[in-house]
Amino acid sequence: MNWDDTTDTSAGERLVGAVADGEDQAVEAALRPKDLDEFIGQEKVREQLDLVLRAARARGATADHVLLSGAPGLGKTTLSMIIAAEMGAPIRITSGPAIQHAGDLAAILSSLQEGEVLFLDEIHRMSRPAEEMLYMAMEDFRVDVIVGKGPGATAIPLELPPFTLVGATTRAGLLPPPLRDRFGFTAHMEFYEPAELERVIHRSANLLEVGIEPDGAAEIAGRSRGTPRIANRLLRRVRDYAQVKADGLITKDIAAAALAVYEVDARGLDRLDRAVLEALLKLFSGGPVGLSTLAVAVGEERETVEEVAEPFLVREGLLARTPRGRIATPAAWAHLGLTPPRSQIAGNGQQDLFGA
């Protein structure tokens, strides 16, 4: 929905990874809600966006430019399609990395129809020349196309039809203020609560014609990291297990057994997450330990540990980043069923006054 068929949960293809692969994209197309009433979760964003779109329709004008930020898998692409549907306009989809030159952007903008929605994913990764061209296009619906080079170069103004830009980013802090300020409406997508994910799972199960009991949906939701895309992916894997190993009905026990096969534990941690925690606890007594050392200990690249595993572990309160290095929290020891050393209990790696 607003949201690998493999047991390999490596950094590249993780069952609990929030980035969509080819299969996810195909399934999402079938599961996506078509309007704001169908969209589950993000209540504040939905309410605010509904007002923006209703007002634009009442004026007979194109909607203001919209910036959506948040982690992958929370529904940014889905909302962009809903915006187009609510405005009765076509949508064109591209991404920041695909626009490396100002000419690339000029070609897209010059072919837009009046009122069309342009969805620009990962907008923070667009090249600087294209970004500067976008400023004028968003504000004045005009771009200057440079013809020729050197002293003989000529700027030809090109008028654009009114359009709505929907920008999506996972790293809003990387957007320059001049670009961010040109969006009429900005929204940050929050992670979902388990109850909201249960509604997502029930809706998807109905569309996929999969039988699921409430406790089965709750079991999947609790392991979905607050992300609808992951919830839908886990649902498909549990469906496969239920069809092969049971009678096709997803119960709590079936969901737990299926996710155990795929190495997704009760809190949504996978093999990589647990490997990082186990190395931190068992090899380094809970830290502090440097990121590079920790990465070597788990046999992964530094960037993989920092960008793939750490964000969820920090959000779950299982790991903390400090100036001295990474440290495990008491919750990490408890989750893995280990007893922290006395020095950890006394003061997070420091001895207490009595040398315990």
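Above this note sits the structure.
Not measured: the values here are computed from a predicted model. (Residues numbered from 1 in each chain as written. Predicted model: local features only at pLDDT ≥ 70, side-chain atom pairs only at ≥ 80, totals over all residues. Heavy atoms only, no water.)

Student: Can you walk me through the nonpolar core in this structure?
Tutor: Among soluble globular proteins, nonpolar side chains are generally buried collectively. Of all hydrophobic cores here, the largest spans 49 residues; its most connected members are Leu-49, Leu-79, Ile-201, Ile-212, Ile-220 and Ile-250. Take this core: its biggest share by element is seven residues, from helix H9 (residues 228-245). Dropping the residues within four chain positions of it, Ile-212 is found in contact with Ile-201, His-202, Ala-205, Ala-217, Ile-220, Leu-235, Leu-249 and Ile-250. Residues Leu-118, Ile-123, Ala-130 and Leu-179 belong to the second largest nonpolar core, which totals 24 residues. (Core = buried A, V, L, I, M, F, W, Y, C linked by side-chain atoms within 4.5 Å. Buried < 20%, exposed > 50% of the residue type's maximum accessible area, 1.4 Å probe, protein only. Helix = DSSP H or I, 4+ residues; strand = E, 2+ residues; numbered from the N terminus. Contact = heavy atoms within 4.5 Å.)

Student: Teacher, can you tell me more about the environment of Val-296 here?
Tutor: Tracing the sequence through the fold places Val-296 in helix H12 (residues 291-298). Taking relative accessible area as the criterion, Val-296 reaches 68% and is therefore assigned exposed. Residues Val-296 and Ala-279, spaced 17 residues apart in sequence, show a C-alpha to C-alpha distance of 9.9 Å.

Student: Looking at this model, I keep getting lost on the sheet that holds strand S3 (residues 117-121). Mind explaining?
Tutor: To summarise the sheet geometry, strands pair through backbone hydrogen bonds and adopt either a parallel or an antiparallel arrangement. A sheet is described by the order of its strands in space; here five strands give the open sequence S2-S3-S6-S1-S7, paired in parallel fashion. Both edges of this open sheet fall to strand S2 (91-95) and strand S7 (185-188), since each of them pairs with a single strand only. Pairs of neighbouring strands in the sheet enclose a mean axial angle of 15°, with direction left out of account. Relative to S3, S2 runs parallel, the two sharing five bridges. Considered in S3, the bridge of Ile-93 is made with Phe-119. Relative to S3, helix H3 (residues 76-87) is tilted by about 175°, and along the sheet it contacts strand S1 (66-69), S2, S3 and strand S6 (164-169). (Pairing = 2+ DSSP bridges. Axes fitted to C-alpha atoms, helices over the stretch in contact; angles between N-to-C directions.)

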